[in-house]
Amino acid sequence: MRKAAWILATLFGLVFVGATLLNAELVARSRSALAAAGLMGAPPAPEARFHLLVILPDSDDAFFTHLLEGLEAGAPAAGAALQVERYAASSSTEADRWFDIGLRAGVDGLVMYAARGDDVAGRAALAQAAGVAFVAVGKDAPSGSLPCFIGSASLIQGSQGGALIAGRLKGGARVGLILPSDRFEGPGENILYRGVAASMAIYSGARIVATAWSQPGILSGEEAAASLLRGHPDINAIFCANSRDTLGAAQVLVDQNLVGRILLVGADETPELLRYLEKGVIAASVVRDSRRIGEEALRAFAAMKAGRKAPGIVEVDSVVRLPGAKE
Amino acid sequence: MRRPASLRSRIVTATGLMLLVIGAATLYTGFATAELARILGLLFKGNLLMEEVRGGLAEASTALTGYLTTKSSDYLRTYIQESSRLASSAGRLNREVRNDEALLLQRSLGRLIDRYLADAEAAVQAKRGRNVAAYTKAFEGSERDADLARGLVERLESMNLSASLAAYAGLDERVGAVILTNAALVVAAVLTAFMIFVRWSYSVTGPLLALAEAAKGIAMGDYSREIPRMAASEEIATTAEAFENMRASVRRAFEELRSKAEVERRLIEEELRLVDLDRRLKDAELLALQSQINPHFLFNTLAAGLQLSLSEGADRTADFLEKLAGFIRYSLRPVSRSVSVGDEIECVERYVWLLRLRFGPRYRFDVQAEEAVLGQGTPALILQPLVENAVAHGLRDRESGGRVRVSARLEGPPGESATVLEVSDNGQGMGAAEIAQVFAECGLPPDGRAGAEGPATAGTPPSTLDPPGGIGLHNVIRRVSLATMGRGRVEIVSEAGGGTLVRVVLPAGGTAA
């Protein structure tokens, strides 16, 4: 009986210690999880001078990824804390809603993507009226008077890509273009298209055979490339306007064993895209420096908050990335 | 020796231990549950705040709309209450500019609600001022603010839920293990407490049961079982000690009583023996008186017969009467006296003369004695009974040729020589069992050798008051043993049909009067 009592007392002690350790571990884990979720115990986030609302389309385009990286990189210098809101690329209403929230909530600044067709000037005016610093970012400067726009020039991107293709294929270049579906424009109205066309004009015989429009979605570029090749077997070069479509087209070339027969020139850079570039599937990529756009946007915001004059329209150069070339 | 703890302190200790074990487990699980509840509260704290804000917005908007459409004071009162509540909720939202998306969203929401409340207040004031355009514009503004705020609330709720789920996902798998362990803890605590209780109850009831067993034994009269020392508790140890003392006392008392009873029994037996001896003494006295009367009469009669035979010239009859009278005179003297072997031989010769007269040539008698032995001492009437036995028993069935031989001699070195008296016959003899019975009747082993204390200590002592003619073999054996203090012995050498030799060995100087 005494032995059994000792065994049970020992068992109780072990279970007690075990339970204590388990509970302690659970408490530590829960505190850690709650802290990670910002629900308790986490050190307060660093304070900033300005509340900056960033409104961007919810796109998997590397342009926006790098743009956000640039914004985040420039935020500390500008003394800004970023509230980043994404909206569906096809819905301008949602973008307007966030814009309205920004104005009514009285944020210190707004950085907003300016898609083609947006009334960017009107937004700028409303923001100015509300005392909110407004910086538009995008690919091409919208029409109208703007106090501040930071972007790349699709015309230059197109002409750099077109020149690259024409330089390789000379007059025999028969180019298929894959452009993101944009509102209110046909191929002729697309600035990038115009850039490609303009750069190829100096080579007699070089021409844009067809243009395909990619919809939002990761498989859209692949569909567009397949459609191009199916409808125009004579195409010997494809130029894509963004990284997503470039990867889709590269996939099609690999699947259809067309690597080396069709010259693929893409846009921007992602780790996967660079891998295709190194393998020779992609001949070159015209990289829009959206990270720098972000940094410049924050710099412009800081200048405006400092009471200095807004920089107006700033276009950041694109660079051509070739296989084997280091950044 | 350490004194055991008292029963009360044992009860208090055992109960305390049980309460400690169960209390520890209960407290522990209580703390664990409280911590879990706190964690769950934290998980949903943000959502609870958002729910407050959403409810406040809805109630305030409804009241505001009601007031603006009806100008009812009830709606106004409700609006004031709800807007105050909403302002209070909004006051708990973050207002600082911090590098955290959720905090910035809260800041935006808080400022939107501030703006909503401002627009709503403006609408109420304009309504009171009957400024339709102003309150319409302000109301539209408040509606827009509320709409945007609701969007932010949804966004924050979504973020909070994601964060809560992410936090909870890390806990979920551990919660199961902790619940199981806590359950095991409770079970272990209950078992341990139970074992403590059982152990304690055994430690208390065990000694009591032992005491009860001992009491039962004593009730049955078994005082030999010692009650062990109890270390269970002070009270039980004291009770056991007292009980043991009582048992020992009772046992001692019983032993004393038993001892007294034994002494009394012995006294009664001794008294009875004395009474018997007294009776026998009286009988002996009577017999002695009777013996004193008869011999006088017998001697007078024999003397008269002798005178008569002499006067009538019957010499042979006179010899007969003279020898008979001499033999009777010798026989009637006390048998406990010591006589010389010569006297004993003379007595035997007289007896043999009478037997010859009686049996004639039918039996032949031969008496031989060394000269040296005649002066040695011997108990009286040793040989005559042996001769009488030889004739009466040994030669009883023999019609002729019967022979009885009596001899006396010394054996052993001079100074230490023993007197050996022998009576032998050629009669029917005795079996070994018969010989053993003779010795057994005398309280001697079959070889007839007595111990140092003599045969008086064993067997029933034969009567010393038997008449001379009735002194038997066992009487001889007995008297030899008594007279020599156990150093003399009687040996019987015989076999069925082979005659009997009875040898009396008397150590030198071994007889006493």
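These numbers come from a predicted model, not from an experiment. (Residues numbered from 1 in each chain as written. Chains lettered and ligands numbered in written order. Predicted model: local features only at pLDDT ≥ 70, side-chain atom pairs only at ≥ 80, totals over all residues.)

*Asks:* Would you take a moment to explain the environment of Val-505 of chain B for this structure?
*Replies:* All names here are of chain B. In this structure, Val-505 sits in strand E7 (residues 500-506). The exposure class assigned to Val-505 is buried, which follows from the 20 C-beta atoms found within 10 Å. When the C-alpha atoms of Val-505 and Val-420 are compared, they prove to be 4.6 Å apart, with 85 residues separating the residues in sequence. When residues no more than four places from it in sequence are discounted, the contact partners of Val-505 are Ala-418, Val-420, Gly-488, Arg-489 and Glu-491. (Helix = DSSP H or I, 4+ residues; strand = E, 2+ residues; numbered from the N terminus. Buried ≥ 20, exposed ≤ 12 C-beta atoms within 10 Å, placed from the backbone. Contact = placed C-beta atoms within 7 Å.)

*Asks:* Could you clarify how one ought to interpret the confidence of the model for chain B in this entry?
*Replies:* Close inspection of predicted coordinates is inappropriate in any region flagged by low pLDDT. Residue and element names in this part refer to chain B. Mean pLDDT over chain B: 83, with 91% of residues reaching 70 or higher. The spread of mean pLDDT over the elements of chain B runs between helix H1 (residues 7-43), the lowest at 79, and strand E5 (residues 418-425), the highest at 94. Here residues 451-470 scores under 50 on pLDDT; set against residues more than four positions off or in separate chains, the count is 28 contacts. As scored by the predictor, the complex reaches a pTM of 0.57 and an ipTM of 0.80. (pLDDT = per-residue confidence, 0-100.)

*Asks:* What's the story with the sheet that holds strand E6 (residues 174-180) of chain A in this structure? I'm lost.
*Replies:* Paired through backbone hydrogen bonds, the strands of a sheet run either parallel or antiparallel to each other. Residue and element names in this part refer to chain A. Here we have six strands laid out as an open sheet, ordered E7-E6-E8-E9-E10-E12, and mixed in their pairing. Edge strands, defined here as strands with exactly one partner in the open sheet, are strand E7 (207-214) and strand E12 (318-321). If you compare each strand with its neighbour and ignore which way they point, the axes differ by 20 degrees on average. Relative to strand E9 (residues 263-267), strand E8 (residues 237-240) runs parallel, the two sharing three bridges. Within E9, the residue paired with Ala-237 across the bridge is Leu-263. (Pairing = 2+ DSSP bridges. Axes fitted to C-alpha atoms, helices over the stretch in contact; angles between N-to-C directions.)

*Asks:* What is the right way to read the interface of chain B and chain A from this model?
*Replies:* As a measure of interface size, the accessible area lost when the parts come together is often cited. The partner chain A presents 44 residues to the 52 residues of chain B that form the contact. Counting residues per element, the ones that place at least two in the side of chain B that touches chain A are H1, helix H2 (45-70), helix H4 (101-128) and helix H5 (132-219) of chain B. Residue contributions to the side of chain B that touches chain A peak at 27 residues, all from H5 of chain B. Of the residues that constitute the side of chain B that touches chain A, the class distribution is 31 nonpolar, nine polar and 12 charged. (Nonpolar A, V, L, I, M, F, W, Y, C, P; charged D, E, K, R; others polar.)

*Asks:* Can you walk me through the sheet that holds strand E3 (residues 109-113) of chain A in this structure?
*Replies:* Residue and element names in this part refer to chain A. Sheet architecture is open: six strands sit in the order E2-E1-E3-E4-E5-E11, paired in parallel fashion. The sheet terminates laterally at strand E2 (80-87) and strand E11 (312-316), the two strands that pair on one side only. Averaged over all pairs of adjacent strands, the angle between strand axes in this sheet comes to 15 degrees, irrespective of strand direction. As paired elements, E3 and strand E4 (residues 133-138) share five bridges and run parallel to each other.

*Asks:* Help me understand the pairing of strand E10 (residues 284-288) of chain A, please; the structure alone is not making it clear to me.
*Replies:* Here is the key point about a regular strand: its side chains alternate between the two faces of the sheet. Residue and element names in this part refer to chain A. Of all five residues making up E10, five are buried, and the element is well covered by its neighbours. Burial of E10 is two-sided: the residues Ala-284, Val-286 and Arg-288 facing one way and the residues Ser-285 and Val-287 facing the other way are all buried. Relative to E10, E9 is paired through three bridges, and the arrangement is parallel. The residue of E10 that forms the bridge with Val-265 is Ala-284. Taken together, E9, helix H9 (residues 271-279) and E10 form a β-α-β motif whose crossover is right-handed. Here E10 pairs with E12 via four bridges, running antiparallel. Residue pairing across strands places Ser-285 opposite Arg-321, the latter belonging to E12. (Right-handed = clockwise from strand over helix to strand, strands pointing away.)

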